[in-house]
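Fold and geometry: a report
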Amino acid sequence: MVLAIALTPRLVYLFGISNPENAGDGLYTDVYQHWQIAYLTKEIGLSHGLRLWDLKGVEYFWGPLHPIVLVILFFITGSTDIVLARIQSLVFGSLSVVLIFHLCQRYWNLSVAVAAAAFAAIAPTSVFNDASGMLEPTAVCLSLLGIWLIPQR
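Here's a quick rundown of the structure. Being a predicted model, the structure only gives us computed values, none of them experimental. (Residues numbered from 1 in each chain as written. Predicted model: local features only at pLDDT ≥ 70, side-chain atom pairs only at ≥ 80, totals over all residues. Heavy atoms only, no water.)

Turning next to the overall build of the protein. Helix and strand content of the protein: seven helices and zero strands. Starting at the N terminus and walking to the C terminus, you meet the elements of the protein as α-α-α-α-α-α-α. The C-alpha radius of gyration computed for the protein amounts to 16 Å, which stays within 12% of the reference 15 Å derived for 153 residues, consistent with globular compactness. With the C-alpha coordinates of the protein rotated into their principal frame, the extents come out at 50 × 40 × 25 Å. With 153 residues in all, the protein has 41% of them scored as buried. Look at the contacts in the protein between residues 6 or more apart in sequence, and 67% of them connect residues 24 or more apart. For the protein, the exposed surface amounts to about 8300 Å²; the carbon and sulfur share of it is 70%. Charge-centre separation for the protein: the mean point of 7 positive side chains lies 10 Å from the mean point of 9 negative side chains. (Helix = DSSP H or I, 4+ residues; strand = E, 2+ residues; numbered from the N terminus. Rg over C-alpha atoms; globule rule 2.2 N^0.38 Å. Buried < 20%, exposed > 50% of the residue type's maximum accessible area, 1.4 Å probe, protein only. Contact = heavy atoms within 4.5 Å. Areas by Shrake-Rupley, 256 points an atom, 1.4 Å probe, with all protein chains shown as cover. Lys, Arg positive; Asp, Glu negative; His and termini not counted. Charge placed at Lys NZ, Arg CZ, Asp CG, Glu CD.)

Shown next as structure tokens:
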């Protein structure tokens, strides 16, 4: 249920308010370069080793996880549409809300978890950033997952 609550404003923003095909709406024109790294990696392949492809040379500066997940999405869906990059970050951002809920419930209580998850689910900056296609929602989600996986004392 927390995931559905987190997904709703992000999907409304992505498909109802913004133009899903225009990943640069607003401030994040880097999305096109992240997409380009994944697209070129898919088209050229990895037969030469784990070498991602970018025309500007920052493919390793940003890290390989985001474009590799995007390449996997390209193969699963059969599409190379830039909307997939936005959906990828949207899903990871929504999963972050779920992890915030569980972490707050673990370390505080249910009312804190509900309040924190509600704020994270509808905060405009989070909704906008999570639907952007950038790699930060993936990094935040994996960081929260790492904390969640630490055994409770």
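With 13 residues, helix 5 (residues 110-122) ought to run about 18 Å at 1.5 Å a step, and its terminal C-alpha atoms sit 18 Å apart, in line with that. Looking only at helix 5, the buried set comprises Ala113, Ala117, Ala120 and Ala121. Buried residues in helix 5, looked at end-on, bunch into an arc of 100°, giving them a common side. In helix 5, those exposed residues whose orientation departs by more than 90 degrees from the buried face are Ser111, Phe119 and Ile122. Where the residues of helix 5 are buried, they touch helix 1 (2-17), helix 4 (83-107) and helix 6 (124-130). (Expected span 1.5 Å × (residues − 1). Arc of directions from axis to C-beta.)

Right, let's talk about a nonpolar patch on the surface for a bit. A cluster of nonpolar side chains, Leu65, Leu142, Leu145, Trp148 and Leu149, forms an exposed patch at the surface whose accessible area comes to about 430 Å². Here the nonpolar patch gets four residues from one element, more than from any other, and that element is helix 7 (residues 136-149). With respect to the helices, strands and loops of the structure, Trp148 is situated in helix 7. (Patch = residues over 30% accessible without salt bridge, like charges linked within 9 Å, V, L, I, M, F, W, Y side chains within 5 Å. Salt bridge = Lys/Arg side-chain N within 4 Å of Asp/Glu carboxyl O.)

Right, let's talk about the pattern of salt bridges for a bit. If you walk through the whole model with that rule in mind, you get two salt bridges. Close ionic contact of Arg10 with Asp130 constitutes a salt bridge, the shortest N to O distance being 2.9 Å. Within this pair, whereas Arg10 is found in helix 1, its partner Asp130 is found in helix 6, the two being separated by 120 residues in sequence. Classification of Asp130 by relative accessible area gives buried; the value is 8%. Put simply, Lys42 and Glu43 hold a salt bridge, and the shortest N to O gap is 3.2 Å. Classification of Lys42 as partly exposed rests on a relative accessible area of 23%.

Turning next to the side chain of His34. Within the secondary structure layout, His34 lies in helix 2 (residues 30-44). If we ignore the near neighbours within four places in the chain, the residues touching His34 are Trp62, His66, Leu70, Met134 and Leu135.

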